[in-house]
Amino acid sequence: MPPRSEGAGSIYDLGYRRYDGLRLGRRHSVLSLYLYTVRWAFGLGRRTSSKIIPVAISIIAFIPALIQLGVAALANDVEIIKPENYYSYVQVSVALFCAAVSPELVARDQRTRTLSLYFSRALLRRDYALAKLAALTTALLFLTLLPQVVLFVGNMLSTKDTSAFLRENWGQVPRIVGSGLLIAGLMASLSVAIACQTSRRSYATVAVIAVFLVSTPLANIFVREAGGLGNFAILFSPFDLLGGTTYWVFDVTPGSDSIVSIADLPMLIYPIVTLSFIAIATAVVLRRYERIAA
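Read on for an overview of the structure. As the structure is a prediction and not an experimental result, all values here were calculated from the model.

### Remarks on the overall build of the protein chain
Step number 1: Helices and strands together make up the secondary structure of the protein chain, namely 12 helices and 0 strands.
Step number 2: Counting from the amino terminus, helix and strand elements in the protein chain follow one another as α-α-α-α-α-α-α-α-α-α-α-α.
Step number 3: Rg of the C-alpha trace for the protein chain: 24 Å, well past the compact-globule value of 19 Å for 294 residues, more than 25% over.
Step number 4: Its C-alpha atoms give the protein chain principal-axis dimensions of about 100 × 50 × 35 Å.
Step number 5: Across the 294 residues of the protein chain, 44% fall into the buried class.
Step number 6: A fraction of 74% describes how many contacts in the protein chain between residues 6 or more apart in sequence connect residues 24 or more apart.
Step number 7: In the structure as shown, the protein chain presents an accessible area of about 16,400 Å², 62% of it carried by carbon and sulfur atoms.
Step number 8: When the 27 basic and 17 acidic side-chain charges of the protein chain are each reduced to a single mean position, those positions are 14 Å apart.

Spelled out as structure tokens, the structure:
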């Protein structure tokens, strides 16, 4: 037997069998990550303390709808909360939900170094990014769209003539859906674009809050004090931008004391800028995950 050369290796057959079962592939991986992230956003499958903030904020988002339904049950044809104004009642709640949840959805995987596990399988980097965006958008629809659906159905059932209510208000349905999608899409894409830049949850939370809550008073100062080109500052305040977009979707004129009315910009500019910001924020997220170390 020839002498063993220095540095030679040995092969051992440990009896492991190759997996010959069904491989569900990339599509199933993306769907699984999406559903898991939606559940994670509301703390499902996690400890009780993780459920407190998302569940509490979700309940708060439904309060205006419940108040309106209570009023409608006592006095027919009394509408204290109109669909185009509903967002203004829950915008802070939605922003706090984004600040609390988005860092958990994306920063946590960076902090725990689990991205390499995701990317080592059929899941592509852009699949991961888009699944996270879609999941947070879906979670936000629970706060922006579902309360208005409950409100619409409740008002319909509280009327004496349901068919007459549907004939008069069916045109509100696509507007309710459209405004809910735009609000959820913008706030989700901005939140994920900010939160994915760092693995530190606290930094991401503060940054998200700052973008939503600090930008509004600054934009209002520019619009009220500067005027002229300063009016375009309203487009960099997510709350006011979405307020103008909602007015455009429902084809209503804002009140004279509204910051949208004071800025006096063409109403069509609001949905255009909203869609542009969604596209830009999505591109930022995709680029981040194409370059991030895993």
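### Re unusual backbone geometry
Step number 1: Here Arg113, not a glycine, exhibits a phi torsion of approximately 60°, which is positive.
Step number 2: Along the polypeptide, Arg113 turns up in the loop between helix 3 (86-111) and helix 4 (115-119).
Step number 3: Residues other than glycine seldom take positive phi values, yet Asp264 does so here, at roughly 55°.
Step number 4: Its place among the elements puts Asp264 in the loop between helix 11 (259-263) and helix 12 (269-291).
Step number 5: Residue Asp264 is classed as exposed on the basis of its relative accessible area, which comes to 63%.

### Overview of the nonpolar core
Step number 1: Formed by 72 residues in total, the largest nonpolar core has its most connected members in Phe97, Leu140, Met187, Ile234 and Tyr289.
Step number 2: Examining the composition of this core, we find that 12 residues originate from one element, helix 8 (residues 172-195), more than from any other.
Step number 3: Those residues in contact with Leu140 that lie beyond four places of it in its chain are Val94, Phe97, Cys98, Ala184, Met187 and Ala188.

### Here's the deal with the environment of Val177
Step number 1: Following the sequence through the fold, Val177 ends up in helix 8.
Step number 2: Accessibility expressed as a relative area gives 34% for Val177, which makes it partly exposed.
Step number 3: Between the C-alpha atoms of Val177 and Leu145, which are 32 residues apart in sequence, the distance is 6.5 Å.

### Structural notes on the side chain of Gln148
Step number 1: Here Gln148 lies in helix 6 (residues 146-158).
Step number 2: Given a relative accessible area of 5%, Gln148 falls into the buried group.
Step number 3: Among residues more than four places away in sequence, those in contact with Gln148 are Pro83, Tyr86, Ile176 and Ser179.

What counts, and where the lines are drawn
- Residues numbered from 1 in each chain as written.
- Predicted model: local features only at pLDDT ≥ 70, side-chain atom pairs only at ≥ 80, totals over all residues.
- Heavy atoms only, no water.
- Helix = DSSP H or I, 4+ residues; strand = E, 2+ residues; numbered from the N terminus.
- Rg over C-alpha atoms; globule rule 2.2 N^0.38 Å.
- Buried < 20%, exposed > 50% of the residue type's maximum accessible area, 1.4 Å probe, protein only.
- Contact = heavy atoms within 4.5 Å.
- Areas by Shrake-Rupley, 256 points an atom, 1.4 Å probe, with all protein chains shown as cover.
- Lys, Arg positive; Asp, Glu negative; His and termini not counted.
- Charge placed at Lys NZ, Arg CZ, Asp CG, Glu CD.
- Core = buried A, V, L, I, M, F, W, Y, C linked by side-chain atoms within 4.5 Å.

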